[in-house]
Amino acid sequence: MKINASTLSLTVDDVIASRGFFVDHFGYREQAAADGFASLTRDDAVDLVLLQRGIEVLPPEQRDQRAAGLILAFTVDTLDAEEKRLRSEGVEITMPLREEPWGERLFQVTDPNGVVVQLVEWAAPTT
C-alpha cells in the first residue's frame, strides 16, 4: 500500500469556528467548503476535514458524535516562540508549557469546539 496523503476528519458543532481557528492560528488554507463542511490543508501537516455534527453524509451511528479524546499534535522546532505567538494572538493556553522526563516539551491549546491541539518539541538525543 502507498499512502498518498493523510487527512483527519473531525466532527464538530461549529465548523466555521474550528475553520477560523485553524486558518488564523495554524496557517491552514481552505481547499473546499460547503454548508456543514470544510476541507483544510497545509503543505507540511495532515489535512483536516471539519464536518458539522448531525450532517447526513455521515452514517447514522456517527452523526451525533463529536471530536473527543483526541489530541492533534504538531511537532515544531520553535516551541517557545509558538507559545508566545499564540498567547499574543489571544489563544488560551489550556495546558501550560512543560517538559517530560523522556525529553518531550509541550503545551496545549483547545479550539472553540474542544479539539485539543498539542505543540511538541523534542530534546536533542544525548549520546
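- For the protein chain, an unreviewed UniProt entry supplies the name VOC family protein and the organism Kribbella sp. HUAS MG21.

### Some remarks on the sheet that holds strand β5 (residues 71-75)
- Taken in spatial order, the 4 strands line up as β5-β8-β7-β6 in an open sheet, and their pairing is mixed. Of all the strands in the sheet, the pair left with one neighbour each is β5 and β6 (93-99). Sheet twist, expressed as the mean angle between neighbouring strand axes with direction ignored, is 15°.
- Here strand β7 (residues 104-110) runs beside strand β8 (residues 116-122); their pairing, made up of 7 bridges, is antiparallel. Paired with phenylalanine 107 across the bridge in β8 is leucine 119.
- Those strands touched by helix α1 (residues 15-26) are β5, β7 and β8, and its axis lies near 25° from that of β8.
- The strands that helix α2 (residues 79-88) touches are β6, β7 and β8; relative to β7, the one it contacts most, it runs at about 15°.

### Structural notes on α1
- Over its 12 residues, α1 runs 16 Å from end to end, which matches the ideal 16 Å to within 8%, given 1.5 Å per residue.
- Buried residues of α1: Val15, Ser18, Gly20, Phe21, Phe22, His25 and Phe26, and no others.
- Structurally, the start of α1 carries an N-cap: the backbone nitrogen of isoleucine 16 is 3.2 Å from a side-chain oxygen of aspartate 14.
- Immediately beyond the C-terminal end of α1, within one or two residues, lies glycine 27, with a positive phi of roughly 70°.

### So, the pattern of salt bridges
- Taken as a whole and assessed by the stated rule, the structure comprises 11 salt bridges.
- The shortest N-O distance in the salt bridge between arginine 53 and aspartate 13 comes to 2.6 Å. Here arginine 53 is found in the loop between β4 (47-52) and β5, whereas its partner aspartate 13 is found in the loop between β1 (7-12) and α1, with 40 residues between them in sequence.
- Take arginine 53: its relative accessible area is 28%, and that puts it in the partly exposed class.
- Between glutamate 121 and arginine 105 there is a salt bridge, with its nearest N and O atoms 2.8 Å apart. You can see glutamate 121 sitting in strand β8 and its partner arginine 105 sitting in strand β7, a full 16 residues away along the chain.
- Three or more residues joined by partner-sharing salt bridges are found here, namely Asp80, Glu99, Arg105 and Glu121.

### Digging into the pairing of β4
- Among the 6 residues that make up β4, 5 are buried, leaving the element largely enclosed by the rest of the structure.
- Two strands pair when backbone bridges link them, and β1 and β4 are joined in this way by 6 bridges, in the parallel orientation. The partner of serine 9 across the bridge, within β4, is valine 49.
- With 4 bridges joining them, strand β3 (residues 37-41) and β4 adopt antiparallel strand pairing. Looking at β4, one finds that phenylalanine 37 is bridged to leucine 51.
- Counting the residues in the hairpin turn of β3 and β4 gives 5 residues.

Reading the values: the criteria
- Residues numbered from 1 in each chain as written.
- Predicted model: local features only at pLDDT ≥ 70, side-chain atom pairs only at ≥ 80, totals over all residues.
- Heavy atoms only, no water.
- Pairing = 2+ DSSP bridges.
- Helix = DSSP H or I, 4+ residues; strand = E, 2+ residues; numbered from the N terminus.
- Axes fitted to C-alpha atoms, helices over the stretch in contact; angles between N-to-C directions.
- Contact = heavy atoms within 4.5 Å.
- Expected span 1.5 Å × (residues − 1).
- Buried < 20%, exposed > 50% of the residue type's maximum accessible area, 1.4 Å probe, protein only.
- Polar contact = N/O pair within 3.5 Å; in protein donor to acceptor, adjacent residues only side chain to side chain.
- Salt bridge = Lys/Arg side-chain N within 4 Å of Asp/Glu carboxyl O.

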